Amino acid sequence: MRRFTQGFYGYAVALFVCLGAAGLFLLIAPQSREEHIPRLDYSITVANFGHSVPYQVWAPSKDLPNWVPNSNRIAKGENGAQVLNLGFATAKREHLMFVQSDEKPAAGFASRMANSDKAVGTQQVGGVAWERRFREDKNQRTLVRFLPDVTLVITGTAGWDELGQFAADLQQRPRG
C-alpha cells in the first residue's frame, strides 16, 4: 500500500482520482444549454410610477417580439425627482434601458443616463427627431427626447435600429 501513496505513483494515483471525480461530477451535474433570461412584468411599476408623478407616463404599447423585459424600478433622481427604469434584452440579445423623469435640468439628467453630453446627430422615429449620443468605450448608444414635462432616454448596447424600434413603440399611458 505504501508505494501507492508516495512518490510519482502516489502523485499519479491522486491526480487520476481527482480527474475521475471531476469527470463524474460533470456527467451527473444538471446542465442547461437553453438561454434563460428572467422575464419581469413592468405593468405594475409603470402604473405606480404614473400615480406618483404629475405628468403622463410613457411606456411601450406592447412587448416587442422576442424581446424580454428583465428589469424595472422606480428610483430617486436629483432634487427628489422620480425616475422610471425599464430594462430589456432585445431580439438580438443586446441590452436596452428606457428611462424617464422630470428631473431638472433635463440636459444633466440625459447626460447622466447616456454617460455622455455630446450629441452625434438625430434619428427620425415616427416623424419625431430624437437626439443621438454615442459613447464608444462602453459601446453605448442613446436616444434622447426632451419634452416640456419629461425627458425620455433609451440607452444600451443595442444598435440604432433596435433603439429606434423601441422608440416607435412608446406611447403615453392614460393617467389613472
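Residues numbered from 1 in each chain as written. Predicted model: local features only at pLDDT ≥ 70, side-chain atom pairs only at ≥ 80, totals over all residues. Heavy atoms only, no water.

J.: Break down the sheet that holds strand β4 (residues 95-101) for me, citing the residues and quoting the values.
T.: A sheet is described by the order of its strands in space; here seven strands give the open sequence β2-β3-β4-β8-β7-β6-β5, paired in antiparallel fashion. Only two strands of the sheet have a single neighbouring strand rather than two, namely β2 (68-76) and β5 (119-125). Pairs of neighbouring strands in the sheet enclose a mean axial angle of 20 degrees, with direction left out of account. Inspection of the sheet shows strand β6 (residues 128-135) paired to strand β7 (residues 140-146) by five bridges, in the antiparallel sense. Residue R132 lies in a different strand from β7, and its bridge partner there is L143. Those strands touched by helix α3 (residues 106-114) are β3 (82-89), β4, β6, β7 and β8 (151-156), and its axis lies near 15 degrees from that of β8. (Pairing = 2+ DSSP bridges. Helix = DSSP H or I, 4+ residues; strand = E, 2+ residues; numbered from the N terminus. Axes fitted to C-alpha atoms, helices over the stretch in contact; angles between N-to-C directions. Contact = heavy atoms within 4.5 Å.)

J.: Lay out the pattern of salt bridges in plain terms, naming residues and giving numbers.
T.: Evaluation of the coordinates by the stated rule reveals eight salt bridges. D169 serves as the salt-bridge partner of K62, at 2.9 Å between the closest nitrogen and oxygen. Within this pair, whereas K62 is found in the loop between β1 (58-60) and β2, its partner D169 is found in helix α4 (residues 160-169), the two being separated by 107 residues in sequence. One network of salt bridges, with partners in common, ties together E78, E103 and R112. (Salt bridge = Lys/Arg side-chain N within 4 Å of Asp/Glu carboxyl O.)

J.: Go over the nonpolar core with me, naming the residues and quoting the values.
T.: In this structure, L96, F98, W130, I154 and F166 are the most contacted members of the largest nonpolar core, which totals 27 residues. Of all elements in the fold, only α2 (43-52), β1, β3, β4, β8 and α4 reach the threshold of two or more residues within this core. The residues contacting F98, other than those within four sequence positions of it, are W58, A59, L84, N85, L86, L152, V153, I154, F166 and L170. Membership of the second largest hydrophobic core comes to six residues, among which are V83, F109, A110 and V144. (Core = buried A, V, L, I, M, F, W, Y, C linked by side-chain atoms within 4.5 Å. Buried < 20%, exposed > 50% of the residue type's maximum accessible area, 1.4 Å probe, protein only.)

J.: So, the side chain of R133: which residues are in play, and what are the values?
T.: Counting through the fold element by element, R133 comes out in strand β6. Within the structure, the side chain of R133 is placed 2.6 Å from the side chain of E131, a separation counted as a polar contact. (Polar contact = N/O pair within 3.5 Å; in protein donor to acceptor, adjacent residues only side chain to side chain.)

J.: Lay out the packing of aromatic side chains in plain terms, naming residues and giving numbers.
T.: Enumeration over the complete set of coordinates arrives at six aromatic pairs. Ring plane angle 65 degrees and centroid distance 6.4 Å describe the contact between W67 and F88, whose orientation is recorded as edge-to-face. In this pair, W67 is assigned in the loop between β1 and β2 and F88 in strand β3, connecting sequence segments 21 residues apart. By relative accessible area, W67 is classed as buried at 2%. Here F88 falls in the buried class, since its relative accessible area comes to 4%. (Phe/Tyr/Trp six-rings, centres within 6.5 Å; stacked < 30°, edge-to-face > 60°.)

J.: Can you tell me about the pairing of β2, naming the residues and giving the values?
T.: Both β2 and β3 contribute to a ladder of eight bridges, which runs antiparallel. Bridging across to β3, A75 finds its partner in V83. Where β2 folds back on β3, the antiparallel hairpin that results is connected by five residues, among which N79 adopts a positive phi of roughly 55 degrees.

J.: How would you sum up α3? Please name residues and give values.
T.: All of the buried residues in α3 are A106, F109, A110, S111 and A114. Residues of α3 that are buried sit in contact with β3, β4, β6, β7 and β8. Two residues or fewer after α3 comes N115, characterised by a positive phi angle close to 60 degrees.

J.: I'd like to hear about the environment of G121, residue by residue, with values.
T.: Structurally, G121 is set in strand β5. When the C-alpha atoms of G121 and S52 are compared, they prove to be 33 Å apart, with 69 residues separating the residues in sequence. Sequence-distant contacts of G121, defined by excluding residues within four places in its chain, comprise W130, E131 and R132.

J.: Lay out α4 with the relevant residues and their values.
T.: The α-helix advances 3.6 residues per turn, and as a result positions three or four apart in sequence lie on the same side. Counting buried residues along α4, seven of its ten residues qualify, which places the element largely inside the surrounding structure. All of the buried residues along α4 are W160, E162, L163, G164, F166, A167 and D169.

In short, the description is geometric, and any link to function would need to be established separately.
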